Amino acid sequence: MNDEQAMRRALELAEQALSTGDVPVGAVVLDPRGVVVGEGCNTRERDLDPTGHAEVVAMRAAARALGEWRLEGCTLVVTLEPCTMCAGALVSARVGRLVLGAWDDKAGAVGSLWDVVRDRRLNHRPEVSAGLLAADSSVLLRDFFGARR
């Protein structure tokens with residue numbers, strides 16, 4: 001699976017989050033060969049779990065599938081720029097690449113507000129690609145938040 005295919009799958013997962021009233025964010029983890037080893041969407045509302053972000057859910061699934069917590073060589077594809085918690089988790093998991101869709105000007109930690117993943121003081125810095133299918137991600141988020149205002 002290539003990055004665009006993975007992002008399209010992440011967008012499908014983001015739509016699933018809507019059924020539980022969660023912010024529509026989806027994530028997919030690809031192993032070094034491009035095989036999906038983990039996926040998830042926001043589950044905070046459903047599970048009453050403050051750590052139920054799509055990235056964390058997908059990385060947990062990938063770690064279980066691979067049999068280890070280190071996700072070296074893996075790619076995390078997510079519809080929205082990770083927050084500080086998720087950026088820290090992907091650095092700790094040693095994810096090799098991050099592909100993100102839309103920027104998050106209010107909570108983003110990959111360049112918008114903070115840049116956790118490029119902090120030279122940390123032991124790992126993943127490669128980052130941004131903006132893949134960003135308009136599609138933005139529409140989901142704008143519709144979600146627009147309906148709540």
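Here, the structure is the one placed above.
What counts as what
- Here the residue index of a chain counts from 1 through its sequence in written order.
- Owing to the predicted nature of the model, reporting of local features is limited to residues with pLDDT of at least 70; listing and counting of side-chain atom pairs is limited to 80 or more, with chain, interface and lining totals taken over all residues.
- No hydrogens and no water enter the side-chain calculation; it runs on all heavy atoms of the structure.
- To sort residues, take the accessible area from a 1.4 Å probe on protein chains only and compare it with the maximum for the residue type: under 20% means buried, over 50% means exposed, and anything in between is partly exposed.
- Only runs of H or I of at least four residues qualify as helices and only runs of E of at least two qualify as strands under DSSP, and these elements are numbered from the N terminus.
- It is the directions from the helix axis to the C-beta atoms that the arc portrays.
- We call two residues contacting when some pair of their heavy atoms lies within 4.5 Å.
- For this analysis, a ring pair means two rings from Phe, Tyr or Trp (six-membered ring only for Trp) whose centres lie within 6.5 Å, classed as stacked if their planes differ by under 30 degrees, edge-to-face if by over 60, and tilted for the remaining angles.
- The term salt bridge refers to a side-chain nitrogen of Lys or Arg lying within 4 Å of a carboxyl oxygen of Asp or Glu.
- Computed over the protein atoms alone on a 1 Å grid, cavities are sets of points where a 1.4 Å probe fits but cannot get out and pockets are open sets with protein on both sides within 12 Å along at least five of seven lines; a residue lines them when it has an atom within 4 Å of a point.
- Grid points are joined across faces, edges and corners, and a volume is the space filled by probe spheres set on the points.
- Side-chain classes follow a simple rule in which Ala, Val, Leu, Ile, Met, Phe, Trp, Tyr, Cys and Pro form the nonpolar group, Asp, Glu, Lys and Arg form the charged group, and the remainder, Gly included, forms the polar group.

### Some details on helix H4 (residues 84–92)
For H4, every residue scored as buried is listed here: Cys86, Ala87, Leu90 and Val91. Axial view of H4: buried residues confined to an arc of 140 degrees, hence all on one face. The inward-facing, buried residues of H4 abut helix H3 (54–66), strand E3 (75–80) and strand E4 (97–102). With its phi angle positive at about 65 degrees, Arg94 sits one or two positions after the end of H4.

### Observations regarding the packing of aromatic side chains
Under the counting rule described, the total for this entry stands at one aromatic pair. Ring geometry for Phe144 against Phe145: centres 4.9 Å apart, planes inclined by 85 degrees, an arrangement best described as edge-to-face. What makes Phe144 buried here is its relative accessible area of 6%.

### A few points about the environment of Ala147
If you trace the backbone, Ala147 turns up in helix H5 (residues 134–147). Judged by relative accessible area, which is 63%, Ala147 ranks as exposed. Taking the C-alpha atoms as reference points, Ala147 and Pro24, separated by 123 residues in sequence, lie 13 Å from one another.

### Some details on the pattern of salt bridges
A side chain with one charge may pair with a side chain of the opposite charge, provided their charged atoms come close. A full pass over the atoms with the stated rule returns eleven salt bridges. With a shortest N-O distance of 2.8 Å, Arg46 and Asp47 are connected by a salt bridge. Overall, Arg46 belongs to the exposed group, its relative accessible area being 52%. Ionic pairing is found between Asp115 and Arg118, a salt bridge with its closest N-O pair at 3.0 Å.

### Section: unusual backbone geometry
With a phi close to 65 degrees, Arg94 is a non-glycine residue in the positive phi region. Positionally, Arg94 belongs in the loop between H4 and E4. Residue Leu133 is not a glycine yet carries a positive backbone phi of 55 degrees. Counting through the fold element by element, Leu133 comes out in the loop between strand E5 (127–130) and H5. Take Leu133: its relative accessible area is 18%, and that puts it in the buried class.

### Comments concerning the layout of surface pockets
Considering only enclosed or pocket space, the largest pocket measures out at about 600 Å³ in volume. Per-element tally for the lining of the largest pocket: the top contributor is H5, with four residues. Tallied by class, the residues present in the lining of the largest pocket amount to eleven nonpolar, three polar and eight charged.

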